[in-house]
Amino acid sequence: MKIHHIAIWTLQLEKLKEFYVRYFNGTSNKKYINSQKGFESYFVSFESGTTLELMSRTDIQNVPIEENRLGLTHLAFSFENREAVLSLTEQLRTEGYLIVGEPRISGDGYFESVILDPDGNRIECVYKEKQESILVENHVIKTERLILRPFTENDMEAVFNCCQNPNLGNNAGWKPHETPEESLKILQTIFIPQKDTWAITKKENQQLIGAIGIMPDPKRENPNAGMIGYWLDEAQWGKGYMSEAVSVVLEYGFNQLGLILISANCYPQNERSQRVLKKMGFTYEGMLHQAEVSYDGKIHDHLCYYLEKKSY
């Protein structure tokens, strides 16, 4: 036995049909019209086999739809990955639809956002996180578009090309690299010795585009808590690479290292980093005032975030 279809009354039949066809890959049949009853409808079918019947009639009533009312409260569509949920959510936001639930990880392990359709029906866009552990071989982690691997001294030129950019260092609190030799020294003293630090490279051409790592959280006296940090070459901003890398490193931290909490800090002006953390489901826990003195003597506050394993 399976659900054959779900029916929705609407005063905007054509608009609602176009919404589900355009954004959720539905396929509509030819409109049914019963002129005697003033009734019109479409059946919109989806790959899963479930069908929506969108119905309009001259005597239907327009009443508000509340989140906590009794009865049917929302429809949920499943997606193949987080990026698909995020992409459609941002597309709908840009095109004027109301996002009533920002992307987050639910308590039962779904990555989801909530959108209102043209009639105000609540639509959940969901992706269920896979429970299998990521494949780590020789401390290398592969994703759809990336390879995360240990740093080597051969990365000197690539690191220098990225890190001489002041827009990276000023967002992270370190001085822009002035020479390749300075980058080599940082590789030798920071990136290479730290076991759980990776170079982020593009799978298609092995280009080094950033770094990511997990280390003990210096603000917590808890051996089962870690802190994640990362940077990305400015030319690669806005392409979803960092969210892709953070996702697998979080999984590594929880499932391979056995951490129960992973924290992250960033400067208040670093809005890009904040967006990544919110997308990954991190909770904002407050501002640590005057937390750091940077290389140029400036004092910075830290915005503090955390993610618990039970929420991931």
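The rules behind these values
Residues numbered from 1 in each chain as written. Predicted model: local features only at pLDDT ≥ 70, side-chain atom pairs only at ≥ 80, totals over all residues. Heavy atoms only, no water. Axes fitted to C-alpha atoms, helices over the stretch in contact; angles between N-to-C directions. Helix = DSSP H or I, 4+ residues; strand = E, 2+ residues; numbered from the N terminus. Parallel < 35°, antiparallel > 145°, perpendicular 65-115°, else oblique. Contact = heavy atoms within 4.5 Å. Nonpolar A, V, L, I, M, F, W, Y, C, P; charged D, E, K, R; others polar. Phe/Tyr/Trp six-rings, centres within 6.5 Å; stacked < 30°, edge-to-face > 60°. Lys NZ or Arg CZ within 6 Å of the ring centre and 35° of its normal. Core = buried A, V, L, I, M, F, W, Y, C linked by side-chain atoms within 4.5 Å. Buried < 20%, exposed > 50% of the residue type's maximum accessible area, 1.4 Å probe, protein only. Arc of directions from axis to C-beta. 1 Å grid on protein atoms, 1.4 Å probe; cavity = no way out; pocket = protein on both sides within 12 Å on 5 of 7 lines; lining within 4 Å. Points joined across faces, edges and corners; volume = space filled by probe spheres on them.

Visitor: Any chance you could explain the packing of helix H1 (residues 13-24) against helix H2 (residues 82-94) here in plain terms?
Guide: The geometry of a pair of packed helices is captured by two quantities: the angle between their axes and the separation between those axes. Interhelical geometry of H1 versus H2 gives an angle of 140° and a closest axis separation of 12 Å. One finds that H1 runs oblique with respect to H2. Counted together, Phe19, Arg22, Tyr23 and Phe24 of H1 and Leu88, Gln91 and Leu92 of H2 form the full contact between these two elements. Among the residues forming the contact of H1 with H2, the class breakdown is five nonpolar, one polar and one charged.

Visitor: What exactly am I supposed to notice about the packing of aromatic side chains here?
Guide: Within a pair of aromatic rings, the relevant descriptors are the distance that separates the centres and the angle that separates the planes. A complete count under the given rule lists 17 aromatic pairs for this structure. Cluster of aromatic residues (ring-pair linked, three or more members): Phe19, Tyr20, Tyr23, Phe24, Phe46, Phe77, Phe79 and Tyr97. Positioned above the aromatic ring of Tyr42, the side-chain terminus of Lys17 is 4.9 Å from the ring centre. Sitting over the ring of Phe111, Arg82 keeps its end group 4.8 Å from the ring centre.

Visitor: Would you mind showing me how to read the nonpolar core here?
Guide: Grouped burial of nonpolar side chains is what soluble globular proteins tend to show. With 31 residues, the main nonpolar core has Leu148, Ile212, Ile228, Met242, Val246 and Phe282 as its most contacted residues. Among the elements of the structure, strand S12 (146-149), strand S13 (197-202), strand S14 (208-216), strand S15 (225-232), helix H6 (241-256), strand S16 (261-266), helix H7 (271-279) and strand S18 (299-308) are those that each provide at least two residues to this core. Per-element accounting of this core gives the leading share, nine residues, to H6. The residues touching Ile228, leaving out its near neighbours within four places in the chain, are Ile212, Gly213, Ile214, Val246, Val249, Leu250, Ile262, Ser263, Ala264 and Phe282. Core analysis: the next-biggest nonpolar cluster, separate from the first, contains 27 residues, Phe19, Phe24, Tyr97 and Tyr127 among them.

Visitor: Where do I start with helix H3 (residues 156-163) in this structure?
Guide: An α-helical segment advances 3.6 residues per turn. Residues three or four places apart therefore align on the same side. Turning to H3, its buried residues number three or more, namely Met156, Val159, Phe160, Cys162 and Cys163. The arc that holds every buried residue of H3, seen down its axis, measures 165°, which confines them to one face. Of the surrounding secondary structure, the elements contacted by the buried residues of H3 are helix H4 (166-172), helix H5 (180-191), S14 and S15.

Visitor: Just checking my understanding: could you explain the layout of surface pockets for this structure?
Guide: Where empty space is left becomes clear once a probe the size of a water molecule has been rolled over the atoms. Size it by volume and the largest pocket reaches roughly 1,400 Å³. Surrounding the largest pocket, 50 residues form its lining, Ala172, Gly229, Tyr230, Trp231 and Ser273 being those nearest its centre. Those elements that place two or more of their residues in the lining of the largest pocket are H2, H4, H5, S14, S15, H6, S16 and H7. Broken down by element, the residue count for the lining of the largest pocket peaks at six residues, all from S15. Partitioned by chemical class, the residues of the lining of the largest pocket number 24 nonpolar, 16 polar and 10 charged.

Visitor: How do you make sense of the environment of Phe254 when you look at a structure like this?
Guide: Among the structural elements, Phe254 can be located in helix H6. By relative accessible area, Phe254 is classed as buried at 1%.

Everything listed here is a matter of coordinates, which is why it stays silent on function.
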